[in-house]
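Topology and contacts: notes
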Amino acid sequence: MEIVDIKDWGLGLSEHVLIAGPCSAESPQQIESIAKGLRGSNIEIFRAGVWKPRTRPGSFEGVGSEALGWLDKAREILNVPVTVEVANTAHVEAALKAGVDVLWIGARTTVNPFSVQEICDALKGTDIPVMVKNPINPDLQLWLGAIERLNKVGINKIAGIHRGFSDPYEKRYRNKPEWSMPIHLKRMLPGISVICDPSHIAGTREIIASVSQRAINFGLDGLMIETHHDPDNAWSDAKQQVTPDTLKIIYENLNFRETLDKHPEAISELDEFRQKIDLVDTQIIELLSDRFQMIKQIGEYKREHNLAVYQPNRWHDVMESRINSGVKKNMTEKFMKSFLFAVHEESVKMQEAQLKEKV
Ligand code: PEP
Ligand code: MN
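A short tour of the structure in this document, coming up.

Here is what the cut-offs are and how they apply
Residues numbered from 1 in each chain as written. Chains lettered and ligands numbered in written order. Predicted model: local features only at pLDDT ≥ 70, side-chain atom pairs only at ≥ 80, totals over all residues. Heavy atoms only, no water. Donors = N, O, S within 2.8 Å, 3.2 Å for Na, K, Ca; no water. Helix = DSSP H or I, 4+ residues; strand = E, 2+ residues; numbered from the N terminus. Buried < 20%, exposed > 50% of the residue type's maximum accessible area, 1.4 Å probe, protein only. Near = heavy atom within 4 Å. Polar contact = N/O pair within 3.5 Å; in protein donor to acceptor, adjacent residues only side chain to side chain. Areas by Shrake-Rupley, 256 points an atom, 1.4 Å probe, with all protein chains shown as cover. Nonpolar A, V, L, I, M, F, W, Y, C, P; charged D, E, K, R; others polar. Phe/Tyr/Trp six-rings, centres within 6.5 Å; stacked < 30°, edge-to-face > 60°. Core = buried A, V, L, I, M, F, W, Y, C linked by side-chain atoms within 4.5 Å. Contact = heavy atoms within 4.5 Å. Axes fitted to C-alpha atoms, helices over the stretch in contact; angles between N-to-C directions. Parallel < 35°, antiparallel > 145°, perpendicular 65-115°, else oblique. Left-handed = near helix turned anticlockwise from the far one by under 90°. Arc of directions from axis to C-beta. Pairing = 2+ DSSP bridges. Right-handed = clockwise from strand over helix to strand, strands pointing away.

**Observations concerning the coordination of the manganese ion (ligand 2)**
- Taken together, C23 (SG), H200 (NE2), E226 (OE) and D237 (OD) make up the protein donors of the manganese ion (ligand 2), found 2.1 to 2.4 Å from the metal.
- Along the chain, the residues donating to the manganese ion (ligand 2) fall in the pattern C-x176-H-x25-E-x10-D. Here C23, found in the loop between strand 1 (17–21) and helix 1 (28–37), pairs with H200, found in helix 8 (residues 198–202); they are 177 residues apart in sequence, far enough to count as distant. Here C23 and H200 have matching classes, each one buried.

**Here's the deal with the site of ligand 1**
- All residues in the neighbourhood of ligand 1 are listed as C23, R47, K52, E85, W104, G106, A107, R108, K133, R163, H200 and E226.
- In this structure, E226 approaches ligand 1 through a side-chain N or O atom, which is 3.1 Å from an oxygen atom.
- For ligand 1, the protein covers 97% of the area, taking 290 Å² as the surface of the free molecule.
- Its residues assigned to classes, the shell around ligand 1 comprises three nonpolar, two polar and seven charged.

**Quick word on the packing of aromatic side chains**
- One pass over the structure, following the stated rule, counts five aromatic pairs.
- Here Y251 and F256 contribute two aromatic rings whose centre-to-centre distance is 5.4 Å and whose plane-to-plane angle is 50°, an arrangement assigned as tilted.

**Quick notes on the nonpolar core**
- Residues F46, V84, L123, I147, L150 and L185 are the most contacted members of the largest nonpolar core, which totals 70 residues.
- The biggest single contributor to this core is helix 6 (residues 140–152), with six residues.
- Among residues more than four places away in sequence, those in contact with I147 are M1, I3, V132, I158, L185, L189 and I192.
- Membership of the second largest hydrophobic core comes to 14 residues, among which are V4, I6, V17 and I19.

**A few points about the packing of helix 5 (residues 113–123) against helix 6**
- Interhelical geometry of helix 5 versus helix 6 gives an angle of 20° and a closest axis separation of 9 Å. Judged by the inter-axis angle, helix 5 sits roughly parallel to helix 6. Relative to helix 6, the crossing made by helix 5 is right-handed. On the side of helix 5, the interface is formed by P113, V116, Q117, C120 and L123, while helix 6 contributes L142, A146, R149 and L150.
- The residue makeup of the contact of helix 5 with helix 6, split by class, is seven nonpolar, one polar and one charged.

**A closer look at the side chain of Q354**
- Inspection of the secondary structure assignment puts Q354 in helix 13 (residues 333–358).
- The class of Q354 is buried, set by a relative accessible area of 10%.
- From its side chain, Q354 meets the backbone oxygen of K296 in a polar contact 2.8 Å long.
- Setting aside residues no more than four positions away along its own chain, Q354 makes contact with I295, K296, G299, E300 and R303.

**Side note on helix 5**
- Looking only at helix 5, the buried set comprises S115, V116, I119, C120, A122 and L123. Down the axis of helix 5, the buried side of the element spans an arc of 165°, and every buried residue falls inside it.
- Tucked inside the fold, the buried residues of helix 5 contact helix 3 (89–97), strand 4 (102–105), helix 4 (107–110), strand 5 (130–133) and helix 6.
- Sitting at the amino-terminal end of helix 5 is N112, which places a side-chain oxygen 2.9 Å from the backbone nitrogen of F114.
- Positive phi appears at G125, one or two residues downstream of helix 5, with a value of about 90°.

**Concerning helix 1**
- Considered for burial, the residues of helix 1 that qualify are Q30, I31, I34 and A35. Buried residues of helix 1, seen end-on, are gathered within an arc of 125° and therefore sit on one face of the element.
- Against the buried residues of helix 1 lie strand 2 (45–47), helix 2 (71–78) and helix 10 (244–252).

**Some points on the pairing of strand 1**
- Along strand 1, five of the five residues are buried, which leaves the element largely enclosed by surrounding structure.
- Of the two faces of strand 1, the one carrying V17, I19 and G21 and the one carrying L18 and A20 are both buried.
- By the bridge criterion, five bridges tie strand 1 to strand 8 (residues 222–226) in an arrangement that is parallel. Opposite I19, over in strand 8, you have M224 as the bridge partner.
- Here strand 1 runs beside strand 2; their pairing, made up of two bridges, is parallel. Across the sheet, A20 pairs through a bridge with F46, a residue of strand 2.
- With helix 1 bridging strand 1 and the parallel strand 2, this β-α-β connection has right-handed handedness.

Right, here's the structure in full:
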């Protein structure tokens, strides 16, 4: 499967793409005011939802095709490509006709192979870039399947968007992030860029900065952040949108970490540390093995003298003294306890097996 890196889409995108713009296009004035506010930011693609997939009927479902034309103004003001969400043939045809530069497939669509295939059929013969949000449920195969369907109709400028997963028990996030998932996708599809959508993960604007930083730490390739000139009065997703000025502050405070492939000197320096770690790990394993040998000898003694395997006083002393030594060496009590419990559990099991052997 050939997938073109976002930097090679011919749109002048960087390795830390910033996509910004409102959840929904509301009016020509709203688009213009947000675009003007975003001047001087690092925005590389302007987003706006024109058809909105709402969970329940009765909420604002987007202005529809009419709003596609308003995006020209944002392109003109910011000199960046524009993107909208498409969910069926009619959307694709209208978006292509209006000259939208990039499309995205929403989470509620990725989940349905019929809808994805319908979009793919409508895209046949074009080479417009398409970003695919993860499905609402944490199913890597569905996400992968949507990308494969696009690729089969000849689309190879494809990126993923991690927007978190629906989880009824989750309290902190609107959609819980599962950072291993985008990383897995990148491993399976070399060349694919995966962007994070902290807005739909967070659900509230207060944690957008921290979710964004985590995405960068995990090596994702950019951010899609919902931005509105008057977030509290936005017609959809009001709680999670930020003003253009807040977006600039969030972006300026991000710490973009470098990947190792660009720093060969770091690789060799890290290698030295890693060799030392390898050596220490080997020693730890040797010492543990010695400890278990002794446990076996003690087990033999206990068996011969008809003594119980578990000796509470001894165990209490071991725990107390080892935890104290560990804490003095800057390890946490919690870590020391779980480590000692694991070692003790294994020792007891070994001695019980010895008893059984001889019965
Ligand atoms: C959106 O980006 O506004 C949107 C509807 O997102 P999602 O598909 O991630 O819910
Ligand atoms: Mn939204």
